[in-house]
Amino acid sequence: MRFVDEYRDPDLARALSAKISTLAEPGRHYKLMEVCGGHTHAIYRFGVHDFLPETVELVHGPGCPVCVIPMGRVDDGMAIAERNPDVILTCFGDMMRVPGSNGSFLDGNARGADIRMVYSPLDALRIARQNPDRQVIFYAIGFETTAPSTALTLVRAKREGITNFSVFCNHVTIIPAIKAILDSPDLRLDAFVGPGHVSTVIGCRPYEFIPRDHGKPLVCAGFEPLDVLQAIEMIMRQLADGRAEVENQYARIVPWDGNRQALATMADVFELRPYFEWRGLGFISHSALKLSQRYADFDTELRYDVPGVRVADPKSCQCGEVLKGVLKPWECKVFGTACTPETPIGTCMVSSEGACAAYYNYGRYAKKRLPLHV
Amino acid sequence: MAVPLTVVEAGALDARCRDDDGREEVVAVELVGPVGAGDRVLVHAGVALERLTPHVAAGPAPTQSSEAVL
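Residues numbered from 1 in each chain as written. Chains lettered and ligands numbered in written order. Predicted model: local features only at pLDDT ≥ 70, side-chain atom pairs only at ≥ 80, totals over all residues. Heavy atoms only, no water.

Student: I would appreciate a short explanation of the packing of aromatic side chains in the present structure.
Tutor: Each aromatic ring pair is characterised by the separation of its centres together with the angle its planes make. All names here are of chain A. In this structure the tally under the stated criterion is 11 aromatic pairs over all chains. For the pair Phe335 and Tyr360, a centre-to-centre distance of 6.1 Å together with 70° between the ring planes defines the contact as edge-to-face. Of the two residues, Phe335 sits in the loop between helix 13 (319-323) and helix 14 (355-366) while Tyr360 sits in helix 14, which places them 25 residues apart along the sequence. Accessibility expressed as a relative area gives 15% for Phe335, which makes it buried. A residue is classified by how much of its surface remains accessible, and Tyr360, at 14% relative accessible area, is buried. Joined through ring pairs, the aromatic side chains of Tyr44, Trp330, Phe335, Tyr359 and Tyr360 make up one cluster. Of note, Lys158 hangs over the ring of Tyr295, and the distance from its end group to the ring centre comes to 4.4 Å. (Phe/Tyr/Trp six-rings, centres within 6.5 Å; stacked < 30°, edge-to-face > 60°. Helix = DSSP H or I, 4+ residues; strand = E, 2+ residues; numbered from the N terminus. Buried < 20%, exposed > 50% of the residue type's maximum accessible area, 1.4 Å probe, protein only. Lys NZ or Arg CZ within 6 Å of the ring centre and 35° of its normal.)

Shown next, in the form of structure tokens:
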């Protein structure tokens, strides 16, 4: 298939693997964090780690949108849907299965709530147009890849004068999460594989503090196996040369300055929250978005009574450590036994971009294979 | 994840787009400026995030050099 096969060429993968091995300094262990859940999925799906020397370790980061939603926010959405019979709560498919302390949104539906899966916030707005006697809420999650679609939907809702639509905003931003990771005493990282599609929106400049202030390279990467391997090769080359820079492997998609129209729309619709709780990372200041004063009429949190209770993760769940890259998925006590994609205990097992789900679906089989070191 | 789609029919705010398997969907294109039939756009959650330039959309021809391919 065009645009796919050329990025999955096994001969080129072996050539890149050989280059990476050559660039690895003997006796040194490298820890590279892929920030984005899409990369985690690609790494396990395509067995990218099989093409790396044992001394190059990939650490999975916090960039899975569903995974970082704390249980309390799931409970908040559930409470709004269950206490208000006129509400239709809408959310992305992955979000339907995220467990809260009172079950998932699917469980809420079984108890009589009206919670619907949508592909786009624009679909939620369409449901609002079709149901003028109901209140339609979009439960918004995601990083800067997804926030523009919510922002554009709100622009259209305001333009059309739709009054039965609102957004329960859980959008988060990637830079504060990377800063939290860099400040974490638990982890020593050598470099970052930067997110691809988030960077389509924000560009590459926001990452420049990482080499400047922390001396670590970051390479924005695409999502095919050769994209990831080439980004790792670019990182290893920087480390071998003693350089620390932001580089853009995904230049076929990512503009260095991002999408200015999308950024302007987001700046109009959103403003930064003073702080927001991330699963696993705790409260991070200025790390999430809420609706701006101009769009306050569309803010679910101003329209409804939101419990806002902080709920601790189940004791057996170690998603927090997995999200920080401190634990590998298979090191969690309940991985693959009590916690599976069919019956997830933690968020990392829900989304295909979650490290646990990706490893459960692909990696555990690869682990049984002989290592493919070139 | 975002996916590249091809514009089939463009309007001012939305465009009918098709993926490589022939599936079609209506995509909001307000954030990427005017598009025309045949343009490639990167789409996430029903909204185009970036318009791929012809050079980028076509991509360089595969060669034995990874730098050239990617």
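Student: It is not clear to me how the pattern of salt bridges should be interpreted in this structure. Could you clarify?
Tutor: For side chains bearing opposite charge, pairing can occur when the charged atoms are close. All names here are of chain A. Counted according to the given criterion, the structure contains 34 salt bridges over all chains. The partner of Asp227 in a salt bridge is Arg252, with the nearest N and O atoms 2.8 Å apart. With Asp227 in helix 10 (residues 225-241) and Arg252 in the loop between strand 9 (246-248) and helix 11 (260-269), this residue pair connects regions lying 25 residues apart in the sequence. Neither Asp227 nor Arg252 differs from the other in exposure class; each is buried. Asp257 is the salt-bridge partner of Arg260, the closest N and O atoms lying 3.5 Å from each other. Take Arg260: its relative accessible area is 61%, and that puts it in the exposed class. (Salt bridge = Lys/Arg side-chain N within 4 Å of Asp/Glu carboxyl O.)

By themselves, these are just geometric observations and shouldn't be taken as functional.
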